[in-house]
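What follows is the residue order along each chain.
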Amino acid sequence: ELKVEQNPLFLSMQEGKNYTIYCNYSTTSDRLYWYRQDPGKSLESLFVLLSNGAVKQEGRLMASLDTKARLSTLHITAAVHDLSATYFCAVDMDSNYQLIWGAGTKLIIKP
Amino acid sequence: KAGVTQTPRYLIKTRGQQVTLSCSPISGHRSVSWYQQTPGQGLQFLFEYFSETQRNKGNFPGRFSGRQFSNSRSEMNVSTLELGDSALYLCASKLRGEAYETQYFGPGTRLLVL
């Protein structure tokens, strides 16, 4: 059974700081996704990572995938308050069109 | 381009009743997936449809069912509602359902079972 673990589950940080959210998964997969969810809102796709070594960047967020370590990271550079949200990673069960989700990391960025 | 729409947005039902939720994908998208989100279990995959065919189903009891119509609109039905079915139900669409595609989520239907 595929399990996806995120850590930390909760992160409070100051604006301007850097931090990393980790996403570990338990079986082989080379398809990993990052999403953002604001309170009371739906999910927004951030990154699609489809191969070992894939790196994607958008603004202050950068995601990477290491399929050998079964690990993805979401790095936040010089955090700003607008990045406060819950971030989810999700792994695709190979060819099954089924996403298995991490528990989410609630990120609070204080001005 | 209109996004994914879901109706109704909020719903209150009592135990034992059944409910039908509707999802209209982005125009041209043929893949629709459904997810359940609860504070306790997080996000869980329900099923995925492509061109009216269910391609995969998550680990939910048979009370949860769905279908997709020829215009790609999808419905999910939950029969004999239980208190534990209270959740946010999200649907998402993709153009072809391929792994590399961005998945777009609707606003969700919040179901409360009393």
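Residues numbered from 1 in each chain as written. Chains lettered and ligands numbered in written order. Predicted model: local features only at pLDDT ≥ 70, side-chain atom pairs only at ≥ 80, totals over all residues. Heavy atoms only, no water.

Draft legend 1. The arrangement of the pattern of salt bridges in detail. Residues and elements named next belong to chain B. Within the structure shown, the criterion is met by eight salt bridges over all chains. Between Asp 85 and Arg 63 there is a salt bridge, with its nearest N and O atoms 2.8 Å apart. Here Asp 85 is found in the loop between strand 8 (74–78) and strand 9 (87–94), whereas its partner Arg 63 is found in the loop between strand 6 (53–57) and strand 7 (64–68), with 22 residues between them in sequence. Neither Asp 85 nor Arg 63 differs from the other in exposure class; each is buried. As a salt-bridge pair, Glu 75 and Arg 73 come within 3.3 Å of each other at their nearest N and O atoms. (Salt bridge = Lys/Arg side-chain N within 4 Å of Asp/Glu carboxyl O. Helix = DSSP H or I, 4+ residues; strand = E, 2+ residues; numbered from the N terminus. Buried < 20%, exposed > 50% of the residue type's maximum accessible area, 1.4 Å probe, protein only.)

Draft legend 2. Representation of the side chain of Thr 38 of chain B in the model. All names here are of chain B. When you line up the elements, Thr 38 lands in strand 4 (residues 31–38). We classify Thr 38 as buried; its relative accessible area is 13%. Setting aside its immediate chain neighbours within four residues, Thr 38 contacts Ser 86 and Ala 87. (Contact = heavy atoms within 4.5 Å.)

Draft legend 3. Spatial organisation of a nonpolar patch on the surface. A cluster of nonpolar side chains, Leu 9, Phe 10 and Ile 108 of chain A, forms an exposed patch at the surface whose accessible area comes to about 280 Å². Mapped onto the elements, Phe 10 of chain A comes out in strand 2 (residues 10–14). (Patch = residues over 30% accessible without salt bridge, like charges linked within 9 Å, V, L, I, M, F, W, Y side chains within 5 Å. Areas by Shrake-Rupley, 256 points an atom, 1.4 Å probe, with all protein chains shown as cover.)

Draft legend 4. Highlighting unusual backbone geometry. Cis geometry is adopted by the peptide bond preceding Pro 8 of chain A, which originates at Asn 7 of chain A and carries an omega value of 0°. On the secondary structure map, Pro 8 of chain A appears in the loop between strand 1 (4–7) and strand 2. Residues Thr 7 of chain B and Pro 8 of chain B are joined by a peptide bond in cis, for which omega reads -10°. Along the chain, Pro 8 of chain B turns up in the loop between strand 1 (5–7) and strand 2 (10–13). Backbone geometry places Ser 72 of chain B, a non-glycine residue, at a positive phi of 75°. With respect to the helices and strands, Ser 72 of chain B occurs in the loop between strand 7 and strand 8. Judged by its relative accessible area of 10%, Ser 72 of chain B is buried.

Draft legend 5. Geometry of the interface of chain B and chain A. The interface of chain B with chain A comprises 21 residues on the first partner and 16 residues on the second. Between chain B and chain A, a total of about 1,500 Å² is buried, with carbon and sulfur atoms accounting for 57% of that surface. Considering only the surface of chain B that becomes buried against chain A, Leu 43, Ala 99 and Phe 105 of chain B emerge as the three largest contributors, covering 34% of it. Linking chain B with chain A are zero salt bridges. There are five residue pairs in polar contact (both at pLDDT 80 or more) connecting chain B and chain A. Residue classes in the side of chain B that touches chain A are distributed as nine nonpolar, seven polar and five charged. (Buried area = accessible area lost by both parts, 1.4 Å probe. Polar contact = N/O pair within 3.5 Å; in protein donor to acceptor, adjacent residues only side chain to side chain. Nonpolar A, V, L, I, M, F, W, Y, C, P; charged D, E, K, R; others polar.)

Draft legend 6. Fine view of the packing of aromatic side chains. Tallied over the full model, the rule gives nine aromatic pairs over all chains. On the numbers, 6.1 Å between centres and 75° between planes, the contact of Trp 101 of chain A with Phe 105 of chain B is edge-to-face. Placement of Trp 101 of chain A in strand 10 (residues 98–101) and of Phe 105 of chain B in strand 10 (residues 104–105) is noted, with the two residues assigned to different chains. Considered together, Trp 101 of chain A and Phe 105 of chain B belong to a single accessibility category, that of buried residues. By way of ring pairs, the aromatic residues Tyr 35, Phe 88 and Trp 101 of chain A together with Tyr 35, Phe 45 and Phe 105 of chain B are connected into one cluster. (Phe/Tyr/Trp six-rings, centres within 6.5 Å; stacked < 30°, edge-to-face > 60°.)

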